[in-house]
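Observations on the three-dimensional arrangement
Listed below are the residues making up each chain.
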Amino acid sequence: MPGVDARDRRASTSARWHRPLLVALGVGYACVLAATTPFSTGSEIATAVALSGVSAVVLDQHLGARRDRSAVLGRLPAPTPGRIGPGALVSLALLALIVGFELFSFFAGSRFDHPTLSSMETSADRWFAAKAAIAFVWLSLGWYLVRR
Amino acid sequence: LTSRLVTFVIWGVLVGGLALCTVWALVQRSATSIDTLVRSVLQHAVPRLALLLGWMWLGWHLFAR
């Protein structure tokens, strides 16, 4: 059907532009965050805007899910859980070790002798590119948590 | 060997290992990556909210305070 083909083409074009646009927005906003100074009003506003954006997406998803449930007059089938394999377990073990080592370094005494991830990030803040990269990773993580 | 150097080496091994695992899972397009695990956790409201609050705290800690 020509109408369906045109709709599919439009959807495909939209999907093709969606990700680069999102990445460009993320890079732009990471640069805004990197340009602010911690403990300043500017940094608080820039961070609060990102937090508000994610909160708005979560709220919209929550309300949308409620609307969908009432529309179908019943619970939607639960998504099929994926298979958890050794790759995920190794990553999980590494994550647990990172959290444990961060706590150990935090309580070990001298921050010079036992730098934490947080103190290393503070040292990296003096380079704009490093701070922007960290901000981009943080924004990407937020997008990962709220995407459907 | 100073404590500082040892700490940096351990951080390198841990963070590098996690990065390698993630890249390997992406390249393999494996269904057994940590992504599968996180996605199944995100299906539940309470862990999802906890992860989001953790993400918010992290951002505030890194960029505002």
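None of the values given here were measured: they were computed from a predicted structure.

Secondary structure summary: chain B contains 3 helices and 0 strands in total. When the helices and strands of chain B are read in sequence order from the N terminus, they spell out α-α-α. Taken against the 2.2 N^0.38 rule, which gives 11 Å for 65 residues, the C-alpha radius of gyration of chain B at 16 Å runs more than 25% over that of a compact globule. Each of the three principal axes of chain B carries a C-alpha extent, and together these read 45 × 40 × 15 Å. Residues classed as buried in chain B amount to 34% of the 65 residues present. On chain B, roughly 4100 Å² of surface is accessible, and the fraction owed to carbon and sulfur atoms is 74%.

A tally of regular secondary structure across chain A gives 5 helices and 0 strands. Along chain A, helices (α) and strands (β) appear in the sequence α-α-α-α-α when read from the amino end. In chain A, which comprises 148 residues, the proportion classed as buried is 25%. Partitioning the contacts of chain A with sequence separation of at least 6, the portion at a separation of at least 24 is 56%. A total accessible area of about 10000 Å² is found for chain A, and carbon and sulfur atoms account for 70% of it.

This brings us to the environment of histidine 44 of chain B. All names here are of chain B. Looking at where histidine 44 falls in the secondary structure, it is placed in the loop between helix H2 (34–42) and helix H3 (45–64). For histidine 44, a relative accessible area of 51% gives the class exposed. Remark: the alpha-carbon pair of histidine 44 and leucine 26, spanning 18 residues in sequence, is separated by 24 Å.

Residue position: arginine 4 of chain B is located in helix H1 (residues 3–28). Accessibility expressed as a relative area gives 27% for arginine 4 of chain B, which makes it partly exposed. Taking the C-alpha atoms as reference points, arginine 4 of chain B and tryptophan 57 of chain B, separated by 53 residues in sequence, lie 27 Å from one another. Not counting the four nearest positions on each side in its chain, arginine 4 of chain B is found in contact with Phe112, Asp113 and Pro115 of chain A.

When we look at burial in H2 of chain B, the residues that qualify are Ile34, Thr36, Leu37 and Leu42 of chain B. Looking at the buried positions of H2 of chain B, the neighbouring elements they touch are helix H3 (86–107) and helix H5 (128–146) of chain A together with H3 of chain B.

Since the α-helix packs 3.6 residues into each turn, any two residues three or four apart lie on the same face. With 19 residues, H5 of chain A should reach 27 Å at 1.5 Å per residue; the first-to-last C-alpha distance of 27 Å fits that figure. Burial in H5 of chain A covers these residues: Lys131, Ala132, Ala135, Trp138, Leu139, Gly142, Tyr144, Leu145 and Val146 of chain A.

Right, let's talk about the side chain of arginine 48 of chain B for a bit. Mapping arginine 48 of chain B onto the fold places it in helix H3. A distance of 2.9 Å separates a polar atom in the side chain of arginine 48 of chain B from a polar atom in the side chain of glutamine 61 of chain A.

Fine structural detail should not be taken from predicted coordinates in areas where pLDDT scores are low. Residues and elements named next belong to chain B. Of all residues in chain B, 92% attain a pLDDT of 70 or more, and the chain-wide mean is 85. Highest mean pLDDT in chain B belongs to H3 (91); lowest belongs to H2 (78). Prediction confidence for the complex, expressed as pTM and ipTM, is 0.78 and 0.82 respectively.

This part covers unusual backbone geometry. We note that phenylalanine 39 of chain A has phi near 70 degrees; this positive angle belongs to a residue other than glycine. The residue phenylalanine 39 of chain A is located in the loop between helix H1 (2–35) and helix H2 (41–72) in this model.

About the criteria used
- Residues numbered from 1 in each chain as written.
- Chains lettered and ligands numbered in written order.
- Predicted model: local features only at pLDDT ≥ 70, side-chain atom pairs only at ≥ 80, totals over all residues.
- Heavy atoms only, no water.
- Helix = DSSP H or I, 4+ residues; strand = E, 2+ residues; numbered from the N terminus.
- Rg over C-alpha atoms; globule rule 2.2 N^0.38 Å.
- Buried < 20%, exposed > 50% of the residue type's maximum accessible area, 1.4 Å probe, protein only.
- Areas by Shrake-Rupley, 256 points an atom, 1.4 Å probe, with all protein chains shown as cover.
- Contact = heavy atoms within 4.5 Å.
- Expected span 1.5 Å × (residues − 1).
- Polar contact = N/O pair within 3.5 Å; in protein donor to acceptor, adjacent residues only side chain to side chain.
- pLDDT = per-residue confidence, 0-100.

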